[in-house]
Amino acid sequence: MNPPPRLRHLLLRYGLPLVLVVLAALLRIWPLRHEGTDLAWATFYPAVVVAAIYGGLTAGLLATALSCVTVLFCWPLLVAQPFITGSTDYLRLVVFVVVGTIVSKMTEATRRARAESIKSTQALAESEHFLKTIANSLPGLIAYWDKDLRCRFANHSFLDWFGKAPEAMIGTSIQELMGKRLFSLNEPYIRGALKGEMQQFERTLTKVDGSIAHTLANYVPDIKANGEVAGFFVLVSEVTLLKEAEAKLQLAASVFHNTVEGILVTDADLVILSVNPAFTHITGYGAEEAIGKTPRMLKSKHHDQAFYAAMWRDIDATGHWQGEIWNRRKDGEVYLEWLTITKIHGSMGEPIQYVSVFNDITKSRYNDERIKHLAFHDALTDLPNRSLLMDRLDHQIAKAEREGSRLAVMFLDLDRFKGVNDTLGHEVGDDLLRMVSQKLLAQVRQSDTVSRLGGDEFVILLDNPANEDEVAHVAGRVLTVIQEPMEFRGKAAQIGTSIGIAMFPRDGSTPDELIERADAAMYAAKDGGRNTYRFFQQATGSA
């Protein structure tokens, strides 16, 4: 069982000198009692040396003192022959004290130096181990190359990257490790590091497993106190994920700046943080005018507060909203946009940004409305076509049946129109048809309908005329304005028209019946000499 450290220390410092001096005295008294006085101190010198070596300075000095006490005071009590007999013995005593003191101090100095050396060696080893542990724990590649370009240290990441064991890596030349092509690429940086210059560069490398990696390399010169470069440290960080993220960010930035959709980003308080060029193109506001403001700058006042409240309820509940909204450009023009608003959440789930993406759909909406309009209107005159006429006629018949009112259907066919087309050309013919349309519209009320069926045929639907006399009066006005001379492109033209009239409910109860009988009446008017009108007589079945 080992004694406690403190007790062991006390035993070496105080107990060991006492034991050694006693042994030295016993040796002098018994085995060496017949030796001459020249060896009188022979057993005490080793006692001092051993005490100093194992117990330190205090033990060595204590052994010296105890030896003197033994010789001066205890010796006469133990041995008949005195130890000190003359001045020579006192001189030897003094020499012993001096030598013992010197030996103790020298031994202590040596002991301390050795202890310091051991401590320094241990500290250096611990420091080296600590630094290696740190280096091996780092994800980056770390290595050291001396000025002869041979590896002196490589951490685990470096070894794993090149697929080498430590014993295979240490001492390897950098040319051998990199290969001819990579070394030639890196050589300028290596030479720069050996000149004492810090080097940093990017490199794309192929790993042992064949995968491609992007790296950021730093060559840090190891400059000694005298200015000599002993080698350089290699610090390499794999930045593949950063490069991929950078590429994604660049792509996102490219999309942000080049997309035709306007993009607006705000913070949680709806203060605009960023806008893209398309935002400026659509709204007229530059980035410097929009950033720091709120989207209220675009408000058109076409929507009430309830609209915006419902929109924000959806955003709060689902995280996004999309729909049509009217906004106002910088120049004051109101436009229709298709808007999508998305809420961006932070790490704690709180809203941190809102992203709005929008398209100007004013023109497409106009085009849609125009397409719908063309589907039910004549392309040349913009009058309702047959489809819209039949729809309105059906609607008016239902209304007349409910209210007990009348309807009049007037079927017009232009006289001498073919001659205008043949002599003056189709362009003049088209102009004439447009002019006839305007003249017909001027002769009816807003509640009436003027329709072009095609060619030179038109239909007028009169809503609830008072009687046949009113219908005849309208027909007479139409005949008058149509036969007035007209001039187109410096060329004169004059036509007439023949009109057939069918009355609801007398002459028919469906749109097809009324159109058919008005058409028949129109042919009767042509047979009657043209440029006149005729009513369909249901009772007789003739016009």
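Residues numbered from 1 in each chain as written. Predicted model: local features only at pLDDT ≥ 70, side-chain atom pairs only at ≥ 80, totals over all residues. Heavy atoms only, no water.

Q: It is not clear to me how the overall build of the protein chain should be interpreted in this structure. Could you clarify?
A: Scanning the protein chain for helices and strands turns up 17 helices and 17 strands. For the protein chain, the C-alpha radius of gyration of 58 Å lies well beyond 24 Å, the compact-globule estimate for 543 residues. In terms of overall dimensions, the protein chain has a C-alpha envelope of 185 × 55 × 40 Å along the principal axes. Of all 543 residues assigned to the protein chain, the portion counted as buried reaches 38%. Within the protein chain, counting contacts between residues at least 6 apart in sequence, those at least 24 apart form 53% of the total. Across the protein chain, 57 positive and 64 negative side-chain charges occur, with their mean positions spaced 12 Å apart. (Helix = DSSP H or I, 4+ residues; strand = E, 2+ residues; numbered from the N terminus. Rg over C-alpha atoms; globule rule 2.2 N^0.38 Å. Buried < 20%, exposed > 50% of the residue type's maximum accessible area, 1.4 Å probe, protein only. Contact = heavy atoms within 4.5 Å. Lys, Arg positive; Asp, Glu negative; His and termini not counted. Charge placed at Lys NZ, Arg CZ, Asp CG, Glu CD.)

Q: Whenever I open this one, the sheet that holds strand 2 (residues 151-154) confuses me. Can you help?
A: Two strands in a sheet stick together by hydrogen bonds in their backbones, pointing the same way (parallel) or opposite ways (antiparallel). Strand order in the open sheet made by the 5 strands is 2-1-5-4-3, with antiparallel pairing throughout. Since the sheet does not close on itself, it has two edges, and those belong to strand 2 and strand 3 (199-206), each with one partner. The sheet shows a mean angle of 25° between the axes of neighbouring strands, taken without regard to direction. Across 8 bridges, strand 3 lies against strand 4 (residues 212-223) in antiparallel orientation. Counted as the bridge partner of Gln199 is Tyr219 from strand 4. Contacts from helix 7 (residues 174-194) reach strand 1 (141-146), strand 3, strand 4 and strand 5 (229-238) within the one sheet, and its direction differs from that of strand 3 by about 165°. Against the sheet, helix 8 (residues 240-258) touches strand 3, strand 4 and strand 5, its axis set at about 125° to strand 4. (Pairing = 2+ DSSP bridges. Axes fitted to C-alpha atoms, helices over the stretch in contact; angles between N-to-C directions.)

Q: What is the right way to look at the packing of aromatic side chains in this model?
A: To describe a pair of aromatic rings, one takes the distance between the centres and the angle between the planes. The final tally for this structure, using the stated rule, is 10 aromatic pairs. On the numbers, 3.9 Å between centres and 15° between planes, the contact of Tyr189 with Phe201 is stacked. Of the two residues, Tyr189 is situated in helix 7 and Phe201 in strand 3; the sequence distance between them amounts to 12 residues. Given a relative accessible area of 25%, Tyr189 falls into the partly exposed group. Three or more aromatic residues joined by ring pairs form one cluster here, namely Tyr189, Phe201, Tyr219 and Phe232. (Phe/Tyr/Trp six-rings, centres within 6.5 Å; stacked < 30°, edge-to-face > 60°.)

Q: Hey, could you run me through the pairing of strand 13 (residues 457-463) in this one?
A: The side chains of a regular strand alternate between the sheet's two faces. Most of strand 13 is tucked away: 6 of the 7 residues are buried. Relative to strand 13, strand 11 (residues 407-415) is paired through 7 bridges, and the arrangement is antiparallel. Among the inter-strand pairings, Phe411 is bridged to a residue of strand 13, identified as Val459. The pairing of strand 12 (residues 449-454) with strand 13 spans 5 bridges and is antiparallel. The partner of Ser451 across the bridge, within strand 13, is Val459. Taken together, strand 12 and the strand that follows it, strand 13, pair antiparallel across an intervening segment of 2 residues, in which Gly455 is found at a positive phi of about 60°.

Q: Honestly, the sheet that holds strand 6 (residues 262-267) in this entry has me stumped. Any pointers?
A: Read from one edge of the open sheet, 5 strands run 7-6-10-9-8, paired in antiparallel fashion. Strands at the two margins of the open sheet, each flanked by one partner only, are strand 7 (272-275) and strand 8 (320-328). In this sheet, neighbouring strand axes are inclined to one another by 25° on average, regardless of whether the strands run parallel or antiparallel. In terms of strand pairing, strand 8 meets strand 9 (residues 334-345) through 9 bridges, oriented antiparallel. Across the sheet, Ile325 pairs through a bridge with Glu337, a residue of strand 9.

Q: Can you help me understand a nonpolar patch on the surface in this one?
A: Taken together, the side chains of Leu18, Val19, Val22, Leu23 and Leu26 present a nonpolar region at the surface, about 440 Å² in accessible area. Mapping Val19 onto the fold places it in helix 1 (residues 5-29). (Patch = residues over 30% accessible without salt bridge, like charges linked within 9 Å, V, L, I, M, F, W, Y side chains within 5 Å. Areas by Shrake-Rupley, 256 points an atom, 1.4 Å probe, with all protein chains shown as cover. Salt bridge = Lys/Arg side-chain N within 4 Å of Asp/Glu carboxyl O.)

Q: Any chance you could explain helix 14 (residues 417-424) here in plain terms?
A: For the α-helix, the turn length of 3.6 residues means that residues three or four positions removed from each other point alike. Phe417, Val420 and Asn421 are the residues of helix 14 that are buried. Projected down its long axis, helix 14 shows its buried positions confined to an angular sector of 95°, all on one face. In helix 14, the exposed positions angled more than 90 degrees off the buried face are occupied by Lys418, Asp422 and Thr423. Looking at the packing, one finds that the buried side of helix 14 touches strand 11, helix 15 (426-442) and strand 15 (491-493). Of the residues trailing helix 14, Gly425 is marked for its positive phi of about 105°. (Arc of directions from axis to C-beta.)

Q: Just to check I follow, could you spell out the pattern of salt bridges for this structure?
A: Once the charged atoms of two side chains with opposite charge are near each other, the side chains can pair. Per the stated rule, a full pass over the model turns up 19 salt bridges. We note a salt bridge from Asp146 to Arg152, for which the minimum N-O separation is 2.8 Å. The buried category is assigned to Asp146, whose relative accessible area is 11%. The partner of Asp422 in a salt bridge is Lys418, and the shortest N-O contact between them spans 2.9 Å. Here Lys418 and Asp422 lie together in helix 14, a separation of 4 residues that amounts to about one turn. Here the two residues Asp422 and Lys418 agree in accessibility, since each one is exposed. A network of salt bridges, in which partner residues are shared, links Asp413, Asp415, Lys526 and Arg530.

Q: Looking at this structure, how should I read the side chain of Ser437?
A: You can see Ser437 is positioned in helix 15. For Ser437, a relative accessible area of 0% gives the class buried. One polar contact links the side chain of Ser437 to the main-chain carbonyl oxygen of Leu433, over a distance of 2.9 Å. Setting aside chain neighbours within four positions, we find Ser437 in contact with Thr381, Leu383 and Phe458. (Polar contact = N/O pair within 3.5 Å; in protein donor to acceptor, adjacent residues only side chain to side chain.)

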